[in-house]
Amino acid sequence: MAVSAGVTGSGARGGTGGEAGAGVDVLIVGGGIGGLSTAYALTRKGLKVRVLEQAKEFGEVGAGIQIAPNCTRILAEYGLLDEAKSLGLLPTGMVMRDALDGSELTRLDLTDLERAYGSPYMVIHRSDLHGLFLRACRRAGVELLTDHRVAGYANTAAPGEAQAAQVELADGRVMRAPVVIAADGLHSVARKLLVDDEPVSSAYVAYRATVPMSETRGQDVDLSEVVVYVGPGCHFVRYGLRGGDMLNQVAVFRSRKALAGEEDWGTPDELDAAFAATSPIVRSGIPLMWRDRWWRMYDRDPIMTWVHGRIVLLGDAAHPPLQYMAQGAIMAIEDGWVLAEHVARQRDGRGGVGWAAALAAYEAVRPEHCRRVVLTARAWGDLWHLDGERRLRRNTILRARDPRDYTFTDWIYGPTALVPGEEPPMYPVIRLSSVTPARR
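Computed from a predicted model, the values in this text were never measured in an experiment. (Residues numbered from 1 in each chain as written. Predicted model: local features only at pLDDT ≥ 70, side-chain atom pairs only at ≥ 80, totals over all residues. Heavy atoms only, no water.)

J.: Please explain the sheet that holds strand S17 (residues 307–308) as it appears in this structure.
T.: Ordered in space as S7-S2-S1-S11-S18-S17, the six strands form an open sheet in which the pairing is mixed. One side of each edge strand has no neighbouring strand; the edge strands of this open sheet are strand S7 (143–145) and S17. Lying on the sheet, helix H1 (residues 33–44) is in contact with strand S1 (26–29), strand S2 (49–52), S7 and strand S11 (179–182); it crosses S2 at an angle near 170°. (Pairing = 2+ DSSP bridges. Helix = DSSP H or I, 4+ residues; strand = E, 2+ residues; numbered from the N terminus. Contact = heavy atoms within 4.5 Å. Axes fitted to C-alpha atoms, helices over the stretch in contact; angles between N-to-C directions.)

J.: Any chance you could explain the sheet that holds strand S5 (residues 104–109) here in plain terms?
T.: Strands pair in a sheet through their backbones, by hydrogen bonds, and they do so in one of two ways: parallel or antiparallel. Pairing is mixed across the open sheet formed by seven strands, whose spatial order is S5-S4-S13-S14-S15-S12-S16. Two strands in the sheet have a free side with no partner beyond their single neighbour: S5 and strand S16 (295–299). For this sheet the average axis-to-axis angle between neighbouring strands, irrespective of direction, equals 20°. The sheet contact formed by strand S4 (residues 93–98) and S5 spans five bridges and is antiparallel. Paired with Met96 across the two strands is Thr106, which belongs to S5.

J.: Would you take a moment to explain the packing of H1 against helix H9 (residues 328–345) for this structure?
T.: It is at 8 Å that the axes of H1 and H9 come closest, and there the two elements cross at 25°. Accordingly, the angle class assigned to the pair H1 and H9 is roughly parallel. Of the two possible hands of crossing, H1 and H9 adopt the one that is right-handed. Here Ile33, Gly34, Ser37, Thr38, Ala41 and Leu42 of H1 lie close against H9, whose contacting residues are Ala329, Ala332, Ile333, Gly336, Trp337, Leu339, Ala340 and Val343. Across the contact of H1 with H9, the residue classes break down as 10 nonpolar, four polar and no charged. (Parallel < 35°, antiparallel > 145°, perpendicular 65-115°, else oblique. Left-handed = near helix turned anticlockwise from the far one by under 90°. Nonpolar A, V, L, I, M, F, W, Y, C, P; charged D, E, K, R; others polar.)

J.: What is the right way to look at the side chain of His385 in this model?
T.: Locating His385 in the fold gives a position in the loop between helix H10 (355–384) and helix H11 (388–399). Only 3.0 Å separates the side chain of His385 from the side chain of His235, close enough to count as a polar contact. Those residues within four positions of His385 in sequence are excluded, and the remaining contacts are Tyr204, Gly231, Pro232, Gly233, Cys234, His235, Tyr324 and Arg394. (Polar contact = N/O pair within 3.5 Å; in protein donor to acceptor, adjacent residues only side chain to side chain.)

J.: Looking at this model, I keep getting lost on the environment of Ile67. Mind explaining?
T.: Relative to the elements of secondary structure, Ile67 occurs in strand S3 (residues 64–67). Among the residues examined, Ile67 registers a relative accessible area of 0% and is labelled buried. In the structure, Ile67 is positioned 26 residues away from Gly93 in sequence and 14 Å away in space, judged by C-alpha atoms. Once you skip the residues sitting within four places of it in the chain, Ile67 turns out to touch Thr72, Leu75, Pro120, Tyr121, Met122, Ile124, Leu129 and Ile330. (Buried < 20%, exposed > 50% of the residue type's maximum accessible area, 1.4 Å probe, protein only.)

J.: Where do I start with the packing of aromatic side chains in this structure?
T.: Any pair of aromatic rings gets described here by the distance separating the centres and the angle formed by the planes. Applying the stated criterion across every chain, the model contains 12 aromatic pairs. Relative to Phe236, the ring of Tyr229 has its centre 6.3 Å away and its plane inclined at 45°; by these criteria the two rings are tilted. For Tyr229, a relative accessible area of 6% translates into the label buried. On the accessibility criterion, Phe236 (1% relative accessible area) is buried. Among the aromatic residues, those joined into a ring-pair cluster are Tyr117, Tyr121, Tyr406 and Tyr413. The ring of Trp295 carries the charged tip of Arg208 above its face, separated from the ring centre by 4.7 Å. Over the ring of Trp290 we find Arg293, and its NZ or CZ is 4.2 Å from the ring centre. (Phe/Tyr/Trp six-rings, centres within 6.5 Å; stacked < 30°, edge-to-face > 60°. Lys NZ or Arg CZ within 6 Å of the ring centre and 35° of its normal.)

If you want it as structure tokens, here you go:
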């Protein structure tokens with residue numbers, strides 16, 4: 001099966017010569033954080049990797065990103081953690097507050113969290129993390145090609161040849177390699193080989209802002225903390241970036257226009273209305289938000305098959321989440337690390353890779369972990385945005401939590417599983433109906 005007319009099993013021109021990919025072990029489609037981190041991971045294991053990016057230059061849009069111990073642990077193994085620290089910020093606490101009255105609900109002591117998991121919790125600008133991997137790939141000799149838009153994928157092997165895969169570019173050229181990794185994002189073309197689905201709208205939209213502290217108009221902001229204010233149908237996140245020189249903010253709300261089926265939804269007037277009843281400190285941050293762009297929040301239903309012959313899904317192409325777990329980019333980085341580890345285990349004495357076994361091992365462990373994250377992100381989004389009596393019950397449960405209780409983070413912040421047996425159990429569920437709400 002091929003996605004794109006004209007790309008067939010053995011009839012495509014190009015073979016493995018010249019532009020088609022001579023000597024390339026892996027083609028990676030997509031030059032975002034997932035694609036570049038995977039390219040670096042595989043190159044460290046001795047493979048020759050080519051990355052195809054559709055834009056005219058490598059870059060990353062967005063604002064701040066949180067990277068938890070399950071990611072900084074991998075950065076340390078790659079020898080990139082010190083550089084990341086120099087670009088980011090190590091907060092000492094993560095605090096959840098009620099968006100209506102501003103009261104503290106619960107917190108994580110991030111200094112103790114580092115002790116517990118052996119790696120720090122960091123916040124960093126998304127473009128800085130992307131740039132870190134881009135520089136690492138260049139140093140490692142990854143072949144990086146821009147202005148290469150992939151229109152189709154296919155498995156291909158001529159009679160007597162080893163199994164391989166290929167991509168067709170928008171200009172008609174074909175490139176081929178033993179394995180093609182599709183890190184082509186939420187709207188992945190390759191995903192259509194495996195499932196006929198579409199992105200799922202949450203009806204929520206995110207506004208962002210990253211501004212110099214000198215432009216925050218004298219706001220009292222504690223940059224030692226990552227703070228999230230959770231409220232009815234909305235939440236607001238705030239933390240420092242670049243050593244405390246910048247303030248990062250995210251304002252998320254449920255769009256009434258989206259719920260009504262209108263096409264033009266998530267507009268600035270809805271932003272203002274969504275936060276009108278929140279606490280003064282939350283409202284003070286809303287004028288700083290960028291108003292010329294916003295991000296509608298989509299995910300996809302989990303799928304458990306990521307490998308189609310020699311075509312492999314990775315990152316958002318396989319498991320795009322909602323943002324409530326702050327694990328989207330982290331899962332992509334973990335995907336690449338796990339795949340590279342299994343590639344290393346399947347190398348023979350001549351340097352060849354037992355790709356069938358390596359891809360099967362990758363698919364045996366990653367889909368289940370990412371399924372948990374995607375579904376938990378949806379559940380946490382519901383929990384954050386409760387109203388009325390259910391909001392009070394949630395607040396009661398959160399206030400009763402010990403700041404150094406890691407029952408709810410062990411399954412996600414611990415070491416990344418390489419085999420299914422290493423995947424830890426999920427956290428216990430506390431039902432809202434089990435508590436009597438405390439009224440303040």
